[in-house]
Amino acid sequence: MQSAAAVGLVRPCAARARPLAAGPSHRGGAVSVSGGGIRPVLPPRGLRLSARAGLVPASPLEEEEKRRCRAERDVAASASSSAAPGAGEEAGGGLVKTLQLGALFGLWYLFNIYFNIYNKQVLKVLPYPINITTVQFAVGTTIALFMWITGILKRPKISGAQLLAILPLAIVHTMGNLFTNMSLGKVAVSFTHTIKAMEPFFSVLLSAIFLGELPTPWVVLSLLPIVGGVALASLTEASFNWAGFWSAMASNVTFQSRNVLSKKLMVKKEESLDNINLFSIITVMSFFLLAPITLLTEGVKVSPAVLQSAGLNLKQVYTRSLIAAFCFHAYQQVSYMILARVSPVTHSVGNCVKRVVVIVTSVLFFRTPVSPVNSLGTGVALAGVFLYSQLKRLKPKAKAT
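Residues numbered from 1 in each chain as written. Predicted model: local features only at pLDDT ≥ 70, side-chain atom pairs only at ≥ 80, totals over all residues. Heavy atoms only, no water.

As annotated in an unreviewed UniProt entry, the protein chain is Sugar phosphate transporter domain-containing protein from Urochloa decumbens. In its Subcellular location (unreviewed entry) section, UniProt records this for the protein chain: "Plastid, Chloroplast membrane". (UniProt positions renumbered as here; feature names shortened; annotations may be inferred.)

In C-alpha cells:
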C-alpha cells in the first residue's frame, strides 16, 4: 500500500512553512503586535487556522504530515551529529594504514642495507659463497619453524603434489641466491646491484619465450636505457671481473625463471598457503637442497676450527653472518607483506628505489671509487627500470571488431 506522501496527498515538509501575511485582509485570524512588528498567533496543536471558520480541528492527513516532518527532522539531526565522528574515524584509519605501509618500506630498505653490508664483510674474509648461502637458508629455516611452532604464522597444509610443484621454484631460488653471493664476493656491492637492474630485460625475454607474452613496443624501448646503462657502468667499473659479472647475470636469469615458473606451474594454494608461507617452504627446501652440495664442494668452512686456523675473529664472523642471514630472510618476508598491501607496479617502483638506496649506502660505507661515467651508467640503468615499471602497467588497447 502506498502512503499518502507517495501519491501526492501530503505536501513536502518545506512547502507547508509559508508565513501568514499579517494585515486587515485576515478574517478571523489572530495577530499580535510586539516591538513594532506584526506576527500571527499560531493555533494550538491539533487545530488549524481556517480563513472562513477560524480554528477548526486539523485533518488526519495534516496530522500525519506534521508527525512525518518531525520524524524527518529528528533523523536528519541524528545523521548530522554522527557523520562527523564517522568521517574522523575513516580519516584516522587511513592515516594509520599509511604509517604502517611507510614503516614496512623503511624496514624493507633497512634490512636490505644491513644484509648487503654485513654479507659483503663476511665474504671478504670468508670467500666461500656456498657455505654462506647455506647458513642463510639454515637461519631462514629456523625462523620459519619457530613461527609455525609458536603460531605466529599459520602452519600450512600442503600435499606431496604441491611440494613437487614447488620444487622447481626452490631449485631456481637456491641458484639465484647462490649466484648473488658469488657476485658479491667478487665485485663491489654497487656493481652487483647495477647488473641486477637488468632483471626486467630477462623478465620480458623469458615471458615471451615460455609464456608467449609479447611486450608492447614502449616496454621494449624502455629496456634500451637499462641495457645501455649497465654496459656503460661495466666498462668503467673499478672492481670489474668476469666471474662477478656473469654470476650477477646468472642471478638475474634464475630469479626471473622463478617468476616465469610460478606463472606456468600455477601452484594451487590452500587457504593457509599465502605468499609468506610459500616463501618459508621454499627456504626450507632450499636449505635441504644446498646442504649436501656444500659438503660435496666446499666442505664445512664455518666451523670454529677452520675460522681459528685462518686467524679470523670467531665472534665477529659469527655475529655478522647471523645478522646478514636474519636480514636476508626478514627483508624478503617484509617484501611479501608490502606486496599484499600495494599493487605490483607500486612494489616494482619501491624495489627500484630500494636498489638506489642500497647502491648509494654501499658506496658511502665501503668508500667504493666511482667515476662520473660509472655513476651516469648506473643512473641511466635505474631510470630505465623506473620507466619500465611505469610502462608495464599500460595495457594495449583492444582492437575494434
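Draft legend 1. Up close: the pattern of salt bridges. For the structure shown, the criterion picks out two salt bridges. Arg-355 serves as the salt-bridge partner of Glu-199, at 3.7 Å between the closest nitrogen and oxygen. Placement of Glu-199 in helix 5 (residues 199-211) and of Arg-355 in helix 11 (residues 344-366) is noted, with a sequence separation of 156 residues between them. One exposure class covers both Glu-199 and Arg-355, and it is buried. (Salt bridge = Lys/Arg side-chain N within 4 Å of Asp/Glu carboxyl O. Helix = DSSP H or I, 4+ residues; strand = E, 2+ residues; numbered from the N terminus. Buried < 20%, exposed > 50% of the residue type's maximum accessible area, 1.4 Å probe, protein only.)

Draft legend 2. Quick look at the side chain of Thr-180. Relative to the helices and strands, Thr-180 is located in helix 3 (residues 160-186). A distance of 2.7 Å separates a polar atom in the side chain of Thr-180 from a polar atom in the side chain of Ser-251. If we skip the residues at most four places from it in the chain, Thr-180 touches Lys-196, Ser-251 and Phe-255. (Polar contact = N/O pair within 3.5 Å; in protein donor to acceptor, adjacent residues only side chain to side chain. Contact = heavy atoms within 4.5 Å.)

Draft legend 3. A look at the packing of aromatic side chains. Evaluation of the coordinates by the stated rule reveals 19 aromatic pairs. Ring centres of Phe-111 and Phe-326 lie 6.0 Å apart, and the angle between their planes is 85 degrees; on these two criteria the pair is classed as edge-to-face. Pair noted here: Phe-111 is in helix 1 (residues 60-125) and Phe-326 is in helix 10 (residues 314-339), with a separation of 215 residues, a long-range link. Residue Phe-111 is classed as buried on the basis of its relative accessible area, which comes to 17%. Taking 5.9 Å as the distance between ring centres and 15 degrees as the angle between the ring planes, the aromatic pair formed by Tyr-114 and Tyr-118 counts as stacked. With Tyr-114 and Tyr-118 both in helix 1 and four residues apart, the pair spans about one turn of that helix. In textbook terms, an aromatic cluster arises when at least three aromatic residues are bridged by ring pairs, as seen for Phe-191, Phe-240, Trp-242, Phe-245 and Trp-246. (Phe/Tyr/Trp six-rings, centres within 6.5 Å; stacked < 30°, edge-to-face > 60°.)

Draft legend 4. Representation of unusual backbone geometry. Phi at Arg-367 is positive, roughly 55 degrees, even though this residue is not glycine. Tracing the chain through its elements places Arg-367 in the loop between helix 11 and helix 12 (372-392).

Draft legend 5. Seen up close, the UniProt feature "transmembrane region" (unreviewed entry) in the protein chain. If you check UniProt for "transmembrane region" (unreviewed entry), the listed places come out as residues 99-118, 130-149, 161-180, 201-227, 239-255, 276-297 and 374-391 in our numbering. Here residues 99-118 is 100% helix and 0% strand, with 28 Å between the C-alpha atoms at its ends. Secondary structure within residues 276-297 divides into 95% helix and 0% strand; the distance between the first and last C-alpha atoms comes to 31 Å.

Draft legend 6. Region of the structure containing the packing of helix 3 against helix 8 (residues 275-296). The N-to-C vectors of helix 3 and helix 8 enclose an angle of 70 degrees; their axes lie 8 Å apart at closest approach. Regarding the angle of helix 3 to helix 8, the classification is roughly perpendicular. In this structure, the crossing between helix 3 and helix 8 has a hand that is right-handed. Listed contacts from helix 8 to Leu-163, Ile-166, Leu-167, Leu-169, Ala-170, Ile-171, His-173, Thr-174 and Leu-178 of helix 3 are Leu-278, Phe-279, Ile-281, Ile-282, Met-285, Ser-286, Leu-289 and Leu-290. Residue composition of the contact of helix 3 with helix 8, grouped by class: 14 nonpolar, three polar and no charged. (Axes fitted to C-alpha atoms, helices over the stretch in contact; angles between N-to-C directions. Parallel < 35°, antiparallel > 145°, perpendicular 65-115°, else oblique. Left-handed = near helix turned anticlockwise from the far one by under 90°. Nonpolar A, V, L, I, M, F, W, Y, C, P; charged D, E, K, R; others polar.)

Draft legend 7. Structural context of the nonpolar core. Ranked by internal contacts, the top residues of the largest apolar core, which has 22 residues, are Ile-195, Met-198, Ile-226, Met-249 and Tyr-388. Elements supplying a minimum of two residues to this core: helix 4 (189-195), helix 5, helix 6 (217-235), helix 7 (242-265), helix 11 and helix 12. Here this core gets five residues from one element, more than from any other, and that element is helix 12. Discounting chain neighbours no more than four positions away, the residues touching Tyr-388 are Pro-200, Ser-203, Val-204, Val-219, Ser-222, Leu-223 and Ile-226. In terms of nonpolar packing, the next biggest core, distinct from the first, is built from 18 residues, Tyr-109, Phe-115, Leu-290 and Tyr-331 among them. (Core = buried A, V, L, I, M, F, W, Y, C linked by side-chain atoms within 4.5 Å.)

Draft legend 8. Seen up close, the environment of Ala-165. Here Ala-165 lies in helix 3. Note: C-alpha distance between Ala-165 and Ser-262 (97 residues apart in sequence) is 9.1 Å.

Draft legend 9. Representation of the environment of Ile-226 within the structure. Mapped onto the secondary structure, Ile-226 falls in helix 6. Residue contacts for Ile-226: discarding those within four places in its chain leaves Ala-197, Met-198, Pro-200, Ala-381, Gly-384, Val-385 and Tyr-388.

Draft legend 10. Region of the structure containing the packing of helix 2 (residues 129-150) against helix 3. Where helix 2 meets helix 3, the closest approach of the two axes is 9 Å, and the angle between their N-to-C directions is 130 degrees. The angle between helix 2 and helix 3 falls in the class oblique. Note on packing geometry: the crossing formed by helix 2 with helix 3 is right-handed. Of the residues in helix 3, those touching helix 2 at Pro-129, Ile-130, Ile-132, Thr-133, Gln-136 and Phe-137 are His-173, Thr-174, Asn-177, Leu-178, Asn-181 and Met-182. Across the contact of helix 2 with helix 3, the residue classes tally to six nonpolar, six polar and no charged.

Draft legend 11. Layout of the side chain of Thr-368. Note that Thr-368 resides in the loop between helix 11 and helix 12. In contact with Thr-368, other than residues within four places in its own chain, are Ala-188, Ser-190, Ser-362 and Val-363.

Draft legend 12. Highlighting helix 11. Spanning 23 residues, helix 11 covers 32 Å between terminal C-alpha atoms, matching the ideal 33 Å at 1.5 Å per step. Turning to helix 11, its buried residues are Val-345, His-347, Val-349, Gly-350, Cys-352, Lys-354, Arg-355, Val-358, Ile-359, Ser-362 and Val-363. Where helix 11 ends, the next residue or the one after it, Arg-367, has phi of about 55 degrees, a positive value. (Expected span 1.5 Å × (residues − 1).)

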